[in-house]
Amino acid sequence: MMLGKHKTLAVALAVIIAAMVAAGFAYFPSDDGQTARATANTRRFVLILAGASGQSESENFDLEVAARTEALTSTCMKSHGFQYLPKNPHSVVDVEDASDFSSLDYARKHGFGISVFPHFAPEATAAKSYLKTLSAASLKAYDATLPGCVDSSQRTTEKEYGIPEANSEWARVDGEVQHDGRYQSALETWRSCAAAAGHPAQSRLALITDLRKEYTSVMAGVQGGDQVLPQDQLAALAAQNPTWRKFHQSELDAAVATFACSQAADRTYVSIFFQYLNRNS
């Protein structure tokens, strides 16, 4: 499973890539209440990382974390005398194009999500208007203050949502699943299935890793130079590039051809994951 593609939010993920309610703005009445909320969210995120939750739950969690981080950043900037309007979570996180390994329609349209160009909602014009009202000195101070507020807000949000604990718990349980004979057997079945489908690899992760390496090379040729281009411009260039188009089609073919193979392996993984998670809870 993979969470939404992030524009500026740096949340640690422990999956392929690697990898968030109004609750994001909730008031925590006590340390016990905050701890209970973090514990519940740790469980939520563990299940998301394991691919045991639906895509909508993954998207909701991603957006919640983005919203909470933005709210905390706004409060932090206010304490320094600046106005910061919390961004629309959709302008920070792209949940529309995030990899969805449970959807055949996604595989047909986006493959594994490797060659997807993320789309973000536009930022509010009011935020830009405020910056224009600042003097050169104030703008310099604003720019110097914002990174610290963002970093502290991200750390607070990760703590509130139990994200470090979730990554650790997922890694521990995943290690047990990976060594379980039943999952090893499921992987062998996946390999045979994928090879028969024309895409031999040790696992879906290995297949995606190889494709990502190829994509890095392809994009170097598309972009040319070190200039960082907006996603829409980059997408337009890629669409005109025959090497990119060839790669994109090969990614779609691989994702669709191995979809049924992966669904079977994923079901086995999730079943065994729950057994180990519940046994150690």
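Conventions and cut-offs
Residues numbered from 1 in each chain as written. Predicted model: local features only at pLDDT ≥ 70, side-chain atom pairs only at ≥ 80, totals over all residues. Heavy atoms only, no water. Helix = DSSP H or I, 4+ residues; strand = E, 2+ residues; numbered from the N terminus. Buried < 20%, exposed > 50% of the residue type's maximum accessible area, 1.4 Å probe, protein only. Areas by Shrake-Rupley, 256 points an atom, 1.4 Å probe, with all protein chains shown as cover. Salt bridge = Lys/Arg side-chain N within 4 Å of Asp/Glu carboxyl O. Axes fitted to C-alpha atoms, helices over the stretch in contact; angles between N-to-C directions. Parallel < 35°, antiparallel > 145°, perpendicular 65-115°, else oblique. Left-handed = near helix turned anticlockwise from the far one by under 90°. Contact = heavy atoms within 4.5 Å. Nonpolar A, V, L, I, M, F, W, Y, C, P; charged D, E, K, R; others polar. Disulfide = S-S within 2.5 Å. Phe/Tyr/Trp six-rings, centres within 6.5 Å; stacked < 30°, edge-to-face > 60°. Lys NZ or Arg CZ within 6 Å of the ring centre and 35° of its normal. pLDDT = per-residue confidence, 0-100. Core = buried A, V, L, I, M, F, W, Y, C linked by side-chain atoms within 4.5 Å. Expected span 1.5 Å × (residues − 1).

Colleague: Go over the overall build of the protein, please, and point to the residues and values.
Modeller: On a plain count of helices and strands, the protein comes out with 11 helices and two strands. Of the regular secondary structure in the protein, the N- to C-terminal order runs β-α-α-β-α-α-α-α-α-α-α-α-α. In the protein, buried positions account for 45% of the 281 residues. Element-wise, carbon and sulfur atoms account for 56% of the exposed surface of the protein, whose accessible area totals about 14,200 Å².

Colleague: Report on the pattern of salt bridges, specifying residues and quantitative values.
Modeller: Under the criterion given, the structure shown has 11 salt bridges. Note that Glu160 is salt-bridged to Arg68, the shortest N-O span being 2.7 Å. A residue pair is termed long-range when its members are at least 10 positions apart, and Glu160 in helix α5 (residues 136-160) and Arg68 in helix α2 (residues 55-79) qualify at 92 residues. Here the two residues Glu160 and Arg68 agree in accessibility, since each one is buried.

Colleague: Give me the packing of helix α8 (residues 204-223) against helix α10 (residues 242-257): which residues, what numbers.
Modeller: Between α8 and α10, the least distance of the axes is 10 Å, while the angle of their chain directions is 165°. Judged by the inter-axis angle, α8 sits roughly antiparallel to α10. Read as a crossing pair, α8 and α10 show a hand that is left-handed. For the pair α8 and α10, the contacting residues are Leu207, Leu211, Glu214, Tyr215, Val218, Met219 and Val222 in the first and Thr243, Trp244, Phe247 and Ala254 in the second. For the contact of α8 with α10, the per-class residue count stands at nine nonpolar, one polar and one charged.

Colleague: Tell me what's going on with the environment of Gly51, and back it up with residues and numbers.
Modeller: Relative to the elements of secondary structure, Gly51 occurs in the loop between α1 (31-49) and α2. Since its relative accessible area comes to 31%, Gly51 is described here as partly exposed. For the pair Gly51 and Asp100, spaced 49 residues apart in sequence, the C-alpha to C-alpha distance is 9.6 Å.

Colleague: If you had to explain the state of the cysteines to someone new, which residues and values would you point to?
Modeller: Under the defined criterion, the tally for this structure stands at two disulfides. The residue that forms a disulfide with Cys76 is Cys149, at a sulfur-sulfur distance of 2.1 Å. Judged by the sign of its S-S torsion, about -70°, the bond between Cys76 and Cys149 is left-handed. Taken as a pair, Cys76 in helix α2 and Cys149 in helix α5 lie far apart in primary sequence, 73 residues in all.

Colleague: Explain the packing of aromatic side chains to me, and be specific about the residues and the numbers.
Modeller: This structure, assessed with the given rule, holds nine aromatic pairs. Between Phe45 and Phe61, the aromatic rings sit 4.9 Å apart at their centres with planes inclined by 10°, giving stacked as the arrangement. Of this pair, Phe45 sits in helix α1 while Phe61 sits in helix α2, and the two are 16 residues apart along the sequence. The ring of Phe101 has Arg204 sitting right over it, with the charged end atom 4.3 Å from the ring centre.

Colleague: Could you give me a rundown of the environment of Ala38, with the residues and numbers involved?
Modeller: Of note, Ala38 is situated in helix α1. Its relative accessible area of 12% is what places Ala38 among the buried residues.

Colleague: Please give an account of the confidence of the model for the protein that cites residues and values.
Modeller: Looking at the protein as a whole, the pLDDT averages 88, with 87% of positions reaching at least 70. Across residues 6-29, confidence stays below pLDDT 50; counting only partners more than four residues off in sequence or on other chains, it has 75 contacts.

Colleague: Give me the nonpolar core: which residues, what numbers.
Modeller: Of all hydrophobic cores here, the largest spans 25 residues; its most connected members are Phe112 and Trp244. Among the secondary structure elements, those contributing two or more residues to this core are α7 (181-196), α8, α9 (231-239), α10 and α11 (259-279). Looking at which element gives the most residues to this core, the answer is α8, with seven residues. With residues near it in sequence (within four places) discarded, Phe112 still touches Ser99, Phe101, Tyr106, Arg204, Leu207, Ile208, Leu211, Glu251, Ala254, Ala255 and Thr258. Among the nonpolar cores identified, the runner-up in size contains 23 residues, and Ile48, Trp170, Val173 and Tyr276 belong to it.

Colleague: With reference to specific residues and values, describe α2.
Modeller: Taking 1.5 Å per residue, 25 residues should reach 36 Å; α2 reaches 37 Å between its end C-alpha atoms and fits that length. Burial within α2 is extensive, with 18 of its 25 residues counted as buried. At the exit of α2 stands Gly81, carrying a positive phi of roughly 90°.

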